[in-house]
Amino acid sequence: MSNTPAGPTPGFLVWRLSMKWRVVIDRGLAPLGLTHAQYSLLGSLSGMQHAGLRPSQRALADHTGLEALYVSKLARGLEAAGFVERAADPADTRAVRLSLTAEGLAVTGRAVEVVQRLVDGLLAPLGGLDGPDTEAFTRTLTALLDVPVPVVTGPSTEESS
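Residues numbered from 1 in each chain as written. Predicted model: local features only at pLDDT ≥ 70, side-chain atom pairs only at ≥ 80, totals over all residues. Heavy atoms only, no water.

### Looking at the nonpolar core
Then step 1. Among the nonpolar cores identified, the biggest contains 25 residues, and L29, L34, L42, L60, L78, F83 and V84 are the most heavily contacted of them.
Then step 2. Put simply, the parts of the chain that give this core at least two residues each are α1 (10-29), α2 (36-50), α3 (57-64), α4 (68-80), β2 (92-100) and α5 (102-122).
Then step 3. Among the elements that make up this core, the one with the highest residue count is α2 (six residues). (Core = buried A, V, L, I, M, F, W, Y, C linked by side-chain atoms within 4.5 Å. Buried < 20%, exposed > 50% of the residue type's maximum accessible area, 1.4 Å probe, protein only. Helix = DSSP H or I, 4+ residues; strand = E, 2+ residues; numbered from the N terminus.)

Encoded structure:
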């Protein structure tokens, strides 16, 4: 009996869903001059700033799940666009603190409205953003995301005798 699944694997489905969502969000945000990755940074920064925080690029990377170097690249681009302010951290010379500019707050507000409409549509099969099935889906995704990333050591070098 084969261990090969009859249909797509959960990993493949998660990957396909993430690609579908990214395309939909990228297209929806294009008129605002933003990508999904930029939105993830701006939206997260907005939420953190609203909570009274001025996170470092590292803290924002940890929050979004993006690589620190990628957050740095995105932040530089968003700074050039006038949406983000980057400032040296007086307590840690290696750290850069981020905050939204007034223009950044405005574009983030418009982007949040666009993304909420799009996500509500993407979640329509589960009852939309406020649907009970969406709540269960969110709990499942959170449980999967809470699992620590496994340490990969490479292929096994054990030989059978």
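### A few points about the pairing of β2
Then step 1. Across six bridges, the pairing between strand β1 (residues 84-89) and β2 is antiparallel. For V84, the partnering residue across the bridge sits in β2 and is L100.
Then step 2. The turn linking β1 back onto β2 is made up of two residues. (Pairing = 2+ DSSP bridges.)

### What about the packing of α2 against α4?
Then step 1. Between α2 and α4, the shortest axis-to-axis distance is 10 Å and the interhelical angle comes to 85°. The pairing of α2 with α4 is recorded here as roughly perpendicular in orientation. The segment α2 lies against α4, with A37, Q38, L41 and L42 engaging Y70, V71, L74, A75 and L78.
Then step 2. Here the contact of α2 with α4 is composed, by residue class, of eight nonpolar, one polar and no charged. (Axes fitted to C-alpha atoms, helices over the stretch in contact; angles between N-to-C directions. Parallel < 35°, antiparallel > 145°, perpendicular 65-115°, else oblique. Contact = heavy atoms within 4.5 Å. Nonpolar A, V, L, I, M, F, W, Y, C, P; charged D, E, K, R; others polar.)

### Thoughts on the packing of aromatic side chains
Then step 1. A complete count under the given rule lists one aromatic pair for this structure.
Then step 2. Plain terms: the ring middles of F12 and W15 are 6.1 Å apart, the flat faces sit at 35° to each other, and that makes the pair tilted. A residue pair is termed a helical-turn pair when its members lie 3 or 4 positions apart in one helix, as F12 and W15 do in helix α1 at three residues.
Then step 3. Given the relative accessible area of 47%, W15 is considered partly exposed. (Phe/Tyr/Trp six-rings, centres within 6.5 Å; stacked < 30°, edge-to-face > 60°.)

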